[in-house]
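# Structural characterization, general
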Amino acid sequence: MILETSRRLAGKRALVTAAGAGIGRATALAFAAAGAEVLATDIDASALPSLEGLHPGIRTQVLDVTDPEAVAAIAQHPLDVLFNCAGFVHAGTILDTDESAWRRSFAINVDSMYHLCRAVLPGMLERRQGSIVNMSSVASSIKGVPNRFAYGATKAAVIGLTRSIAADFVSRGVRCNAICPGTVKTPSLAERVRALGGDETAAWKSFTDRQPMGRLGEPGEIAALAVYLASDESSFTTGTVHVIDGGWSN
């Protein structure tokens, strides 16, 4: 079914994590523009207020996705769509990854999705409808990327989590899909570029040069895919891994 763009998510209630910047922010705005009532969350309270002024369909709330009690409380709101976008990128090989970095990577990238999915699923199952969209990455089981050991391991786990939920609830009205972006031009990437030190222009060029399309992705391009997966247009789609990387993993 093809719906008018402005009505694709009409009547749906969506929760977006990491909505303060980058892909999360672009998706919260795209969901609202498509007619959804959006609860935009982020651990950074200062990043949220401007969202409410950009669209009347958005309200905001601070959320630490690593706090199971906070997750359980926020999931008391009936939801039709969950977009798990919160993530953490640890740089380094296995030899550069101590146990605290390993645990932190899993707490933010995987455990948070476990708690959020587990919290929202009962309500979705009761209403026999719901779409869960999880942010993974091509740096996962899809592609090995140098110096992304912990990150790649967690994002591979997200793919497994997604497919398992999809298989368990496919006959009960709930869908679950994963998005696997490549390199996207976000504030998070800019922070990592600055952290490298040295010539930032050269660092940005190195990211761009490895892209077959000769450019980085834009947050809005990922958000457009998230809108599709959240909408009834994708009602026959579950358990899928959507690579959106400009051909980097080919």
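The rules behind each value
Residues numbered from 1 in each chain as written. Predicted model: local features only at pLDDT ≥ 70, side-chain atom pairs only at ≥ 80, totals over all residues. Heavy atoms only, no water. Helix = DSSP H or I, 4+ residues; strand = E, 2+ residues; numbered from the N terminus. Buried < 20%, exposed > 50% of the residue type's maximum accessible area, 1.4 Å probe, protein only. Contact = heavy atoms within 4.5 Å. Areas by Shrake-Rupley, 256 points an atom, 1.4 Å probe, with all protein chains shown as cover. Lys, Arg positive; Asp, Glu negative; His and termini not counted. Charge placed at Lys NZ, Arg CZ, Asp CG, Glu CD. Pairing = 2+ DSSP bridges. Axes fitted to C-alpha atoms, helices over the stretch in contact; angles between N-to-C directions. Polar contact = N/O pair within 3.5 Å; in protein donor to acceptor, adjacent residues only side chain to side chain. Phe/Tyr/Trp six-rings, centres within 6.5 Å; stacked < 30°, edge-to-face > 60°. Salt bridge = Lys/Arg side-chain N within 4 Å of Asp/Glu carboxyl O. Parallel < 35°, antiparallel > 145°, perpendicular 65-115°, else oblique. Left-handed = near helix turned anticlockwise from the far one by under 90°. Nonpolar A, V, L, I, M, F, W, Y, C, P; charged D, E, K, R; others polar.

### Digging into the overall build of the protein chain
Scanning the protein chain for helices and strands turns up 8 helices and 7 strands. Split into buried and exposed, the 250 residues of the protein chain put 48% on the buried side. Considering only residue pairs separated by 6 or more positions, the protein chain has 68% of its internal contacts joining residues 24 or more positions apart. Here the protein chain has roughly 11600 Å² of accessible surface; of this, 53% comes from carbon and sulfur atoms. The protein chain carries 23 positive and 24 negative side-chain charges, and their two centres are separated by 5 Å.

### Thoughts on the sheet that holds strand S5 (residues 130-135)
The 7 strands lie next to each other as S3-S2-S1-S4-S5-S6-S7, forming an open sheet whose pairing is parallel. The sheet is open, and its two edges are formed by strand S3 (58-62) and strand S7 (241-244), each paired on a single side. Here the strands of the sheet are splayed against their neighbours by 20° on average, with no regard to which way each runs. As judged from the 3 bridges shared by strand S1 (residues 13-16) and strand S4 (residues 81-84), these two strands associate in the parallel manner. Bridge pairing in S4 links Val 16 to Phe 83.

### Side note on the side chain of Asn 109
Considering the arrangement of structural elements, one finds Asn 109 in helix H4 (residues 99-127). Relative accessible area serves as the criterion here: at 0%, Asn 109 is assigned to the buried category. One polar contact links Asn 109 to Thr 154, side chain to side chain, over a distance of 3.0 Å. When residues no more than four places from it in sequence are discounted, the contact partners of Asn 109 are Ala 86, Gly 87, Phe 88, Tyr 151, Thr 154, Lys 155 and Val 158.

### Section: the packing of aromatic side chains
Applying the stated criterion across every chain, the model contains 3 aromatic pairs. Centroid distance Phe 31 to Phe 83: 6.3 Å. Interplanar angle 65°. Geometry classified as edge-to-face. With Phe 31 in helix H1 (residues 22-33) and Phe 83 in strand S4, the pair connects residues that are 52 residues apart, well separated along the chain. Each of the two residues, Phe 31 as well as Phe 83, counts as buried. Judged by centre distance (4.8 Å) and plane angle (55°), the ring pair of Trp 102 and Phe 106 falls under tilted. Remark: Phe 106 and Trp 102 occur in helix H4; sequence separation between them is 4 residues, near one turn of the helix. Among the aromatic residues, those joined into a ring-pair cluster are Trp 102, Phe 106 and Phe 149.

### Quick word on the pattern of salt bridges
Using the criterion set out here, one finds 6 salt bridges in the structure. Close ionic contact of Glu 233 with Arg 8 constitutes a salt bridge, the shortest N to O distance being 2.5 Å. Of this pair, Glu 233 sits in the loop between helix H8 (219-230) and S7 while Arg 8 is found in the segment before S1, placing the two residues 225 residues apart along the sequence. Residue classification places Glu 233 among the buried positions, given a relative accessible area of 16%. In this structure, Asp 232 and Lys 12 form a salt bridge, with 3.1 Å as the shortest nitrogen-oxygen distance.

### What to know about the packing of helix H6 (residues 187-196) against helix H7 (residues 200-209)
A pair of packed helices can be characterised by two numbers: the angle between their axes and the separation between those axes. The interhelical angle for the contact between H6 and H7, taken along N-to-C directions, is 125°, at an axis separation of 9 Å. Put simply, H6 runs oblique to H7. By crossing handedness, the relation of H6 to H7 is classed as right-handed. Judged by residue contacts, Leu 189, Ala 190, Val 193, Arg 194 and Leu 196 of H6 engage Glu 200, Ala 203, Trp 204 and Phe 207 from H7. Taken together, the residues of the contact of H6 with H7 break down into 7 nonpolar, no polar and 2 charged.

What is shown is where atoms sit, not what they do.
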